[in-house]
Amino acid sequence: MHNTTHNITNVGVIGSGQMGGGIAQVAATAGFNTTVFDTSPDAIARCQATHAKLLARAVEKERMTTDQAEATKARLTYVTDLDQLAGSDIAIEAVVEDAAVKAKVFRGLDDMLKGDQVLATNTSSISITEIASATKRPERVIGMHFFYPVPVMKLVEVINGLATDKAITARVISLAEAMGKTAVPANDRAGFVSNRVLMPMINEAFYAWMEGVAQPEHIDAIMKLGCNFPMGPLRLADFIGLDTCAHIMDVLAEGLCNERYRPCPLLRQLVVAGRLGNKTAHGVFDYSAS
Ligand code: CAA
């Protein structure tokens, strides 16, 4: 695929977890040659198996033909050596939400990609300007924030760092649209728009539970039926991961210099107890039987 607006043929994805894997799947489905990198061979193998499963499911559901699924698989390459991303026109980073780890990844990409490639990050709350400062070309660094589950969710929040070149923003918006998403721009303030608005709502649901305003299932039923949300805020917190929610609240508190954004004590307590949500089969709700 080649398009003069985004001028991108080869997509590199760094990180093969739920977000990176989803981004790679969507890019390959849209016709981009896609290379997924992870340091862990096990993680890469899991990612490849998930792709095979989800593409088979898409065929079963008649969202794509067997030929299209096979062509999508053929556009996907799985690597454990970062150098194999050297041919990428854009690198989309989706590693752990840790500023130091991301800075290291961006230093590596900056050293390796010497041309006019775009350096994008899927961070959900870390400052794009800060990530960009790890490189010698902050004007090419941009936020490309996808939502979970990536194949299903339509939005890409496109975040400009302080130095992001407008031409890079235009290319990334065009790329997101070529990937079948709707791109919406935002600026680089803690949490951007999505988590600035979503996370305090989730946090408030924990306060409502902690204060006994209602039982968790009732809080969720009220918000689901009363606001037409697909999931209540506490169910959604489990889906996102309670550790991630608590971490994003801390990022908001620090980034916005306002203690009212700190995680609710009950949210923190569940995290300390290891009740992280779906990934540990127990968070607000217990999934061990399902
Ligand atoms: N990967 C791929 N596809 C998935 C999936 C996954 N992890 N989870 C669900 N799907 C697909 C299902 O396969 C199903 O498709 P089929 O037609 O093949 O069956 C489709 O999504 C709908 O799923 P279900 O019928 O099982 O259930 P549903 O109708 O309740 O939808 C949902 C599930 C799409 C997750 C829906 O509940 C929803 O939209 N929830 C809210 C999700 C949300 O808010 N996400 C954003 C989280 S915040 C974030 O990501 C940003 C951040 O920075 C923290």
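Residues numbered from 1 in each chain as written. Predicted model: local features only at pLDDT ≥ 70, side-chain atom pairs only at ≥ 80, totals over all residues. Heavy atoms only, no water.

Caption draft 1: Here's a closer look at the pairing of strand E7 (residues 155-160). Across the 6 residues that make up E7, a large majority, 5, are buried. Here strand E6 (residues 141-146) runs beside E7; their pairing, made up of 5 bridges, is antiparallel. Its bridge partner being in E7, Phe146 is matched across the sheet by Val156. Looking at chain direction, E7 and strand E8 (residues 182-187) are connected through 6 bridges and run parallel. In the strand pairing of E8, Ile159 is matched with Ala186. After leaving E7, the chain enters helix H6 (residues 166-178) and then returns to the sheet as E8, a path that is right-handed. (Buried < 20%, exposed > 50% of the residue type's maximum accessible area, 1.4 Å probe, protein only. Helix = DSSP H or I, 4+ residues; strand = E, 2+ residues; numbered from the N terminus. Pairing = 2+ DSSP bridges. Right-handed = clockwise from strand over helix to strand, strands pointing away.)

Caption draft 2: Molecular detail of the sheet that holds strand E5 (residues 118-121). Ordered by their spatial adjacency, 8 strands build an open sheet running E3-E2-E1-E4-E5-E6-E7-E8, and the pairing between neighbours is mixed. Two strands in the sheet have a free side with no partner beyond their single neighbour: strand E3 (76-79) and E8. Recorded for the sheet is a direction-independent mean angle of 25 degrees between the axes of neighbouring strands. Both strand E4 (residues 90-93) and E5 contribute to a ladder of 4 bridges, which runs parallel. In the strand pairing of E5, Ile90 is matched with Val118. Contacting strand E1 (10-14), E4, E5 and E6, helix H4 (residues 99-112) crosses the sheet at an angle of about 165 degrees to E5. (Axes fitted to C-alpha atoms, helices over the stretch in contact; angles between N-to-C directions. Contact = heavy atoms within 4.5 Å.)

Caption draft 3: Just helix H8 (residues 216-227), in detail. Helix length check: H8 (12 residues) gives 16 Å between terminal C-alpha atoms against 16 Å at 1.5 Å per residue, within 8%. Within H8 the residues assigned to the buried category are Pro216, Ile219 and Asp220. When H8 is viewed along its axis, its buried side chains cluster within an angular range of 95 degrees and face the same direction. The exposed set on the far side of H8, more than 90 degrees from its buried face, consists of Ile222, Leu225 and Gly226. The elements touched by buried residues of H8 are helix H7 (194-210) and helix H9 (233-240). (Expected span 1.5 Å × (residues − 1). Arc of directions from axis to C-beta.)

Caption draft 4: Structural context of H9. Every buried residue of H9 is accounted for by Pro233, Leu234, Leu236, Ala237 and Asp238. Buried-residue contacts for H9 involve H7, H8 and helix H10 (242-255). Gly241 sits one or two positions beyond H9 and adopts a positive phi of about 110 degrees.

Caption draft 5: Seen up close, the packing of aromatic side chains. Scanning the model with the defined rule gives 2 aromatic pairs in all. Ring geometry for Tyr148 against Phe239: centres 4.9 Å apart, planes inclined by 45 degrees, an arrangement best described as tilted. Taken as a pair, Tyr148 in the loop between E6 and E7 and Phe239 in helix H9 lie far apart in primary sequence, 91 residues in all. Ring plane angle 40 degrees and centroid distance 6.2 Å describe the contact between Phe206 and Trp209, whose orientation is recorded as tilted. Highlighted residues: Phe206 and Trp209, both in helix H7, separated by 3 residues, approximately one helical turn. The pair Phe206 / Trp209 is uniform in exposure class, with both members buried. (Phe/Tyr/Trp six-rings, centres within 6.5 Å; stacked < 30°, edge-to-face > 60°.)

Caption draft 6: Layout of unusual backbone geometry. Here Tyr148 and Pro149 are connected by a cis peptide whose omega angle stands at 0 degrees. Position of Pro149 relative to the elements: it lies in the loop between E6 and E7. We note that Asn7 has phi near 55 degrees; this positive angle belongs to a residue other than glycine. With respect to the secondary-structure elements, Asn7 resides in the segment before E1. The partly exposed category is assigned to Asn7, whose relative accessible area is 36%. With a phi angle near 60 degrees, Glu62 is a residue other than glycine that sits in the positive phi range. With respect to the helices, strands and loops of the structure, Glu62 is situated in the loop between helix H2 (41-60) and helix H3 (66-74).

Interpretation in functional terms is not warranted from these geometric data alone.
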